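Coordinate inspection notes
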Amino acid sequence: MRDPDAALAGGVSRAPSWPRTLRLRQDLALPLVLLVVQLAGTAIAGKTAHLFNPQRSLEAVDWVMLVVGPVALVARRRHPVPVLWVCFAATLTPVASGFAHGSLLVAFFVAATAGKRYWAWLVLALSFVWTIWLAPLVYGYPVPPANDALLLAGWLVALVIAAEATRFRAERVAATRASRQMDQRRHQSEERLRIARDLHDVIGHNISLINVQASMGLDLMDSQPEQARAALSAIKSASKEALGELRTMLTTLRHDDDDAPRSPAPGLDRLPELIELTRAAGLSVEVEVVGKTSPLPTAVHLAAYRIIQESLTNVACHAGRARVTVRVTYDDADVHVEIDDDGALPSEGAASIGTGSGITGMRERAAALGGDLSAGFRRGGGFRVSARLPVRPAP
């Protein structure tokens, strides 16, 4: 029986051959068409196929040069400058066909648009000088009239302009693509940071509550079984809340449009649920709302909720059974969130404020909305987190 993993690996290893085959066909198509055009055109035009030199029949070397140019164009992508010189050399025969310049023009265009513009301009200028002045001197035929020289110069200038326009457009497309890729990578990085903050807040808060309740349940299991039962009930609620939010995040990560989120995005409208879970952990939490509640952007709702959630988690982890006051103030421009607790003052040598990922994450949430956040110990005891979240983005 064939190993499916081996088959998959074999398919993956064979996959790059398709682009290579397609590129090879593209490299061969243009030279083949140009070869047919040059040979057929020269054969049909006969003596009239010459550019400015006298009307004489082509010799064997001229027919060979008609083949050399298209054959050299096969390597035009990898070696644009050598191919350009080869195509130029193919036009230097004593009775060069005018069709031989077709390969030279294609080689010039490829080199100019591939970033070898100065080499391309040099070869084009040499071709003009050779055709108008040097070839008549070397091979002994009359110099073409000025009208023909001006006509040829005009065509060459038009070719240079077309090549430069194509090169400029290609550079703009490449710059736009690079900018789009940078924006996409920055968006992905910001999205990863947002998900990391959400996971930290959800897991940190609920696991902290579960840990507090588990410790309480173990302590009261024998002496106060009813209190232990309440602690287990709080653990059940906290774990259910954490699983619900994690499921919502994972659904978003999968980008599965068919599966709608199983719970609404957290916001200030779910603050009562958060307070009840925190009270079940043994904390005394009071909520004060100042000002008229107004519709807020989803990002402001989420940031305010997460800041309160993380602050309550820190109280549960570090302040024991402290009393907490959550104050939400609405005005026309901002939403102010303030969380105070009456925990004990830190001892000397305690860790400085703001070094943990929780407070850093809260500051980042506020800064992302154009607001600010401060956190630190109060002079009379306890800890305060104060955040300002703009309702509208800064102009």
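What to know about the sheet that holds strand β2 (residues 323-330)
Note: strands within a sheet are paired through backbone hydrogen bonds, in either parallel or antiparallel orientation. The strand order across the open sheet built from five strands is β1-β2-β3-β5-β4, with neighbouring strands paired in mixed fashion. Both edges of this open sheet fall to β1 (284-290) and β4 (372-377), since each of them pairs with a single strand only. Across this sheet, the average inter-strand angle for adjacent strands is 10°, counted without regard to direction. Inspection of the sheet shows β4 paired to strand β5 (residues 383-390) by six bridges, in the antiparallel sense. Directly across from F377, in β5, lies its bridge partner F383. Contacting β1 and β2, helix α9 (residues 271-280) crosses the sheet at an angle of about 160° to β1.

As for helix α3 (residues 60-72)
Because each turn of an α-helix spans 3.6 residues, side chains separated by three or four positions in sequence point in the same direction. Taking 1.5 Å per residue as the helical rise, α3 with its 13 residues ought to reach 18 Å, and the 19 Å between its terminal C-alpha atoms agrees with that figure. Taken together, the buried positions of α3 are occupied by D62, M65, L66, G69, P70 and A72.

With respect to the nonpolar core
Counting 39 residues, the largest nonpolar core has I308 and V326 as its most contacted members. The element contributing the most residues to this core is helix α10 (residues 298-318), with nine residues. Setting aside chain neighbours within four positions, we find I308 in contact with L268, L271, L274, V326, V328, V337 and I339. Among the nonpolar cores identified, the runner-up in size contains 22 residues, and C87, F88, A107 and L124 belong to it.

Here's the deal with the pattern of salt bridges
Scanning the model with the defined rule gives 13 salt bridges in all. With a closest N to O distance of 3.6 Å, R270 and E273 form a salt bridge. A salt bridge links R384 to D340; the nearest nitrogen and oxygen atoms lie 2.6 Å apart. In this pair, R384 is assigned in strand β5 and D340 in strand β3 (residues 334-341), connecting sequence segments 44 residues apart. For R384, a relative accessible area of 34% translates into the label partly exposed. What makes D340 buried here is its relative accessible area of 7%.

Structural notes on the environment of P80
Following the sequence through the fold, P80 ends up in helix α4 (residues 80-89). On the basis of relative accessible area, P80 is assigned to the buried category, the value being 11%. Placed 27 residues apart in sequence, P80 and A107 show a C-alpha to C-alpha distance of 7.0 Å. For P80, the residues in contact, after removing those within four places along its chain, are A75, A111 and K116.

So, the packing of aromatic side chains
Applying the stated criterion across every chain yields a total of five aromatic pairs. Here the aromatic rings of W85 and W119 are separated by 6.3 Å at their centres, their planes lie at 75°, and the arrangement is edge-to-face. One end of the pair, W85, is in helix α4; the other, W119, is in helix α6 (residues 117-139), with 34 residues separating them in the sequence. The exposure class assigned to W119 is partly exposed, which follows from its relative accessible area of 43%. Ring centres of F377 and F383 lie 5.0 Å apart, and the angle between their planes is 85°; on these two criteria the pair is classed as edge-to-face. Assessed through its relative accessible area of 39%, F377 is described here as partly exposed. Among the aromatic residues, those joined into a cluster by ring pairs are W85, F88 and W119.

Examining the confidence of the model for the chain
On average, the chain scores 77 in pLDDT, and the residues at 70 or more come to 79%. This stretch, residues 1-16, has a pLDDT under 50; its non-local contacts, to residues over four places away or in other chains, come to one contact. This model gives residues 257-262 a pLDDT under 50, and the stretch forms five contacts once residues within four places in sequence are excluded.

How each quantity is defined
Residues numbered from 1 in each chain as written. Predicted model: local features only at pLDDT ≥ 70, side-chain atom pairs only at ≥ 80, totals over all residues. Heavy atoms only, no water. Pairing = 2+ DSSP bridges. Helix = DSSP H or I, 4+ residues; strand = E, 2+ residues; numbered from the N terminus. Axes fitted to C-alpha atoms, helices over the stretch in contact; angles between N-to-C directions. Contact = heavy atoms within 4.5 Å. Expected span 1.5 Å × (residues − 1). Buried < 20%, exposed > 50% of the residue type's maximum accessible area, 1.4 Å probe, protein only. Core = buried A, V, L, I, M, F, W, Y, C linked by side-chain atoms within 4.5 Å. Salt bridge = Lys/Arg side-chain N within 4 Å of Asp/Glu carboxyl O. Phe/Tyr/Trp six-rings, centres within 6.5 Å; stacked < 30°, edge-to-face > 60°. pLDDT = per-residue confidence, 0-100.

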